[in-house]
Protein chains: 2
Amino acid sequence: MPAFIETPAKTPTGDASFFATEPEGPTVVTSVPGPKSKEAICRLDKVYDSAAAVLMGDYQKSRGNYLVDVDGNVLLDVYAQIASIPVGYNNPTLHQAATSPAMTSALINRPSLCNFPQSDLATILETGLLKVAPKGMDQVYPALSGADANELAFKAAFMWRRQQERGGRDVDFTQEELESTMLNLEPGSPNLSIMSFKAAFHGRLFGSLSTTRSKPIHKLDIPAFDWPQCPFPAIKYPLEEYVEENVQEEQRCLEEAERIIKTHPSKVAAVIVEPIQSEGGDNHASPAFFQGLREITRRHGVLLIADEVQTGVGATGRFWAHEHWNLSDPPDMVTFSKKAQTGGFYFGNRDIRPNQPYRLCNTWMGDAARAILFGAIVDEIERLDLVKNTALVGDYLYGEMEKLANKYPGKFDNLRGKGKGTFIAFDNPKRDEFVALAKTHGVHIGGCGVSGIRLRPMLVFQKHHADILLGVFDKIAQQI
Amino acid sequence: MPAFIETPAKTPTGDASFFATEPEGPTVVTSVPGPKSKEAICRLDKVYDSAAAVLMGDYQKSRGNYLVDVDGNVLLDVYAQIASIPVGYNNPTLHQAATSPAMTSALINRPSLCNFPQSDLATILETGLLKVAPKGMDQVYPALSGADANELAFKAAFMWRRQQERGGRDVDFTQEELESTMLNLEPGSPNLSIMSFKAAFHGRLFGSLSTTRSKPIHKLDIPAFDWPQCPFPAIKYPLEEYVEENVQEEQRCLEEAERIIKTHPSKVAAVIVEPIQSEGGDNHASPAFFQGLREITRRHGVLLIADEVQTGVGATGRFWAHEHWNLSDPPDMVTFSKKAQTGGFYFGNRDIRPNQPYRLCNTWMGDAARAILFGAIVDEIERLDLVKNTALVGDYLYGEMEKLANKYPGKFDNLRGKGKGTFIAFDNPKRDEFVALAKTHGVHIGGCGVSGIRLRPMLVFQKHHADILLGVFDKIAQQI
């Protein structure tokens, strides 16, 4: 076992590191990518499309918040594999789960969970995925990724809608439906849709891509369903200065949502929305907006899907970001992936389960190995009180960034994410240069939208990491 | 480590078992599902849709070809988790890979392989997935499942087609394309299609489901693309008696394929075809049919995708089933999953790689943990000469089944799969009763199509297992 496996100190807000062997700070020895990274990417590219690769990681050497690359650079990682590393590289609790007999069996004896489930599946779900299920939700459909999760949720929504139209769960299909669906035609393959928002990102398979609206490069040349797009509130910052304008903007978007639901030729079965639009630029809306959306969807018999693929699992200072909405009536489905290290969706209403077997089945139905790992992630989050940690560190970081924004006008525009843990973002007109400069100072950070820079540290990001990050931001602001 | 981890004897065709501690035969102690399975399924169903569950497996106790359930039944498993267990339950070589430091790191430090790949990725691919790449193919796109693999291949096909229409890889998108795709409209989101065959199964996501034509229950209530369906040859058996009819039937289907490609309003970018239609009923066609399909697609600038999700990785007596086609010009892409324990697609022509980064990307781009496991599967296949084993055992089994078919007319109809390893099937008018009776005799077997029974044993299925299976078939034929 690696030497770093020690019991970390329990210190949310504290000064001691959670990980005894985490580096004390970044070390930059080459440009990023350095010569070894470039050579390794070049070799990899011979067999595997590496056009988007920007470094080659040495993950066995990486620790906690620090990514080590093959050139020996040690980078403070506040991008975390596109927001998907939950509790640090080589986390000891995860290491233990990954070497357990249950994990080994799940890896080498992968069952068809739908048909021939493994005896410990209920326990795996109850001690992991379901232990942290959103309020009002006690059912889960596992999937393999965020896009897969969203597509499964869409399928469940369409089936639910059509069973409602048929007159309930027990009404069977007509002969016409059975025959027409084999030809991909109505009524068996109905003209129903999922409404999504402008600038949304929900994945890149054919159904999910039809709801994704963040960037053309994701969508070009791929046939798409003619599903409707609703404007998402274009909120102005700082919030205190634009109270009235923002209320009106959200009202405009809600009215448009209702108009689309009432009039779009492909009837809307569900609305999918991110609590914070992430890939599209870290676009926020107020609890009132989401409450209004819940009210409209409920009134029109349309399901509401909260896409928590990027926002879920603690990063916003709550376990699920939609908890910030303060709904009295929860979303119908909540999808997740990324920091869960596996995909899937939650729901509470058993009517959302298909009314017959084999309708939402597939060979594997997720991956028990990854579900076991999620159990360990949940244990680690509880043991170290990481949601609280993220809330506290986020508040500190946001406060300090406000000071930076005042100190360097135009460098940290539209600072956003107050009260949302470390899920903080800002705009910089020279975004790509900013991101590149950060690497020269040992910080690995990511962009989003047109000019956004998003912070996506892990849940083990602490005050002393925040101070390093703030120091680097200060240097960049002077350089750029 | 489990006690069974011993070096198995190397005996393709031989009598000794590959696994020293494999049970000598099935043991049936309860009905299947038994009381403990039923209770466990009932508990699981409270949180996870278990409507399709037919037993609860105890996979830590399962060994080689034998599935052990929680009631203590020991079943000879010739269904193998819907054709997806490659080299036996608790295979020692896989056990070793699953407990290696590389596996642990891949599990707990899951990178975004597209953006920040891990340093051992090229080696993992070269010693696993690419070591067994089909002839003429030296590139791989990893995915998470068979459906995911097919959807990625479809996306690559659409991008390739549009770049051809644009005038080559270096021609950029127009402003009109960039804007229209954000609205899911042409020309950015073009009206292109994938042609598939009647009774085909290619997965259950929105694009792949639009090409799936096996059963209405998979498709009902899900919006679908209006993509074309071509008839698949309805071959008559025994082949020797219907030579002329079968030639004509295949010719008819080829003519129809060409007619659709020339006339369908949504222009066909690719044709996807299974070497043996599996879910749809184990429907075979001759090498001449596939050669004709390759010729037609090539002539019309349409890509040909071989879907080897169920047929690939050795079960047909060749590593890839499309090797039986004897093509001089290979398929453009080959998709895989199931026995590979991970998904993806192979290709040889670098023009099939997208012309810009981020077009086929996603956060994880497969799972290095599962790719490491596939490397161990390949090692085990080579070490035990399992493709040869499957060819030899399959020939023996097919010969004996011909005798059974003659002995019991009407019980083993349309016996098919001669020369295709253990990928053997037959029809029985009381199929579901047959499958249920098999369990009472300790054999776990699966159906396909309307009345098909398909054999999908693992690659470690040996002559002595075949003899047990044949004995059970004889008993059922007398009972049914």
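How each quantity is defined
Residues numbered from 1 in each chain as written. Chains lettered and ligands numbered in written order. Predicted model: local features only at pLDDT ≥ 70, side-chain atom pairs only at ≥ 80, totals over all residues. Heavy atoms only, no water. Disulfide = S-S within 2.5 Å. Helix = DSSP H or I, 4+ residues; strand = E, 2+ residues; numbered from the N terminus. Buried < 20%, exposed > 50% of the residue type's maximum accessible area, 1.4 Å probe, protein only. Least-squares fit on C-alpha atoms with pLDDT ≥ 70 in both. Contact = heavy atoms within 4.5 Å. Pairing = 2+ DSSP bridges. Right-handed = clockwise from strand over helix to strand, strands pointing away. Salt bridge = Lys/Arg side-chain N within 4 Å of Asp/Glu carboxyl O. Buried area = accessible area lost by both parts, 1.4 Å probe. Nonpolar A, V, L, I, M, F, W, Y, C, P; charged D, E, K, R; others polar.

## Some thoughts on the state of the cysteines
Here is step 1 of the chain: The final tally for this structure, using the stated rule, is two disulfides over all chains.
Here is step 2 of the chain: In this model Cys 114 of chain A forms its disulfide with Cys 361 of chain A; the gap between the sulfur atoms is 1.8 Å. Of this pair, Cys 114 of chain A sits in the loop between helix 4 (101-108) and helix 5 (121-126) while Cys 361 of chain A sits in the loop between strand 9 (343-347) and helix 11 (368-383), and the two are 247 residues apart along the sequence. An identical accessibility class is assigned to Cys 114 of chain A and Cys 361 of chain A; each is buried.
Here is step 3 of the chain: Cys 448 of chain A carries a free sulfur, and the closest cysteine sulfur to it, the one in Cys 361 of chain B, is 17 Å from it.
Here is step 4 of the chain: What makes Cys 448 of chain A buried here is its relative accessible area of 2%.

## Examining the relation of the copies chain A and chain B
Here is step 1 of the chain: Superposition of chain A onto chain B requires a rotation of 180° combined with a translation of 0.0 Å along the rotation axis, giving an RMSD of 0.0 Å. Here the symmetry operator amounts to a two-fold rotation axis. Taking C-alpha positions as the reference, the residue of chain A nearest the rotation axis is Phe 206 of chain A, at 2.8 Å.
Here is step 2 of the chain: In this assembly the copies share their binding face: 100% of the residues contributing to the interface of chain A also contribute to that of chain B.

## Side note on the pairing of strand 4 (residues 192-197) of chain A
All names here are of chain A.
Here is step 1 of the chain: A large share of strand 4 lies buried, amounting to six of its six residues.
Here is step 2 of the chain: Sheet topology places strand 4 next to strand 6 (residues 267-273); four bridges connect them, and they run parallel. When the bridges of strand 6 are listed, Ile 194 appears paired with Ala 270.
Here is step 3 of the chain: Where strand 4 lies against strand 5 (residues 229-230), two bridges are found, and the strand directions are parallel. Among the inter-strand pairings, Phe 197 is bridged to a residue of strand 5, identified as Cys 230.
Here is step 4 of the chain: As for the winding sense of the linkage, the β-α-β connection from strand 4 through helix 8 (residues 206-211) to strand 5 is right-handed.

## Quick look at the pattern of salt bridges
Here is step 1 of the chain: Applying the stated criterion across every chain, the model contains 62 salt bridges over all chains.
Here is step 2 of the chain: Across the pair Asp 379 of chain B and Lys 131 of chain B runs a salt bridge whose closest N-O atoms are separated by 3.9 Å. Here Asp 379 of chain B, found in helix 11 (residues 368-383), pairs with Lys 131 of chain B, found in the loop between helix 5 (121-126) and strand 3 (139-143); they are 248 residues apart in sequence, far enough to count as distant.
Here is step 3 of the chain: By relative accessible area, Asp 379 of chain B is classed as partly exposed at 38%.
Here is step 4 of the chain: Shared partners join several salt bridges into a network, and the residues in it are Arg 161, Arg 162, Glu 165, Arg 166, Glu 177, Lys 267 and Arg 359 of chain A together with Asp 221 of chain B.

## Section: the interface of chain A and chain B
It is common to report an interface's size as the accessible area lost on association of the parts.
Here is step 1 of the chain: Each side of the interface is counted separately: chain A has 127 residues, and chain B has 127 residues.
Here is step 2 of the chain: Approximately 11,000 Å² of surface area, both sides summed, lies buried where chain A meets chain B, with 58% of it carried by carbon and sulfur atoms.
Here is step 3 of the chain: There are 14 salt bridges connecting chain A and chain B.
Here is step 4 of the chain: A salt bridge links Arg 353 of chain B to Asp 45 of chain A; the shortest N-O distance between them is 2.9 Å.
Here is step 5 of the chain: Counting residues per element, the side of chain A that touches chain B draws most heavily on helix 6 (residues 146-166) of chain A, which supplies nine residues.
Here is step 6 of the chain: For the side of chain A that touches chain B, the per-class residue count stands at 66 nonpolar, 35 polar and 26 charged.

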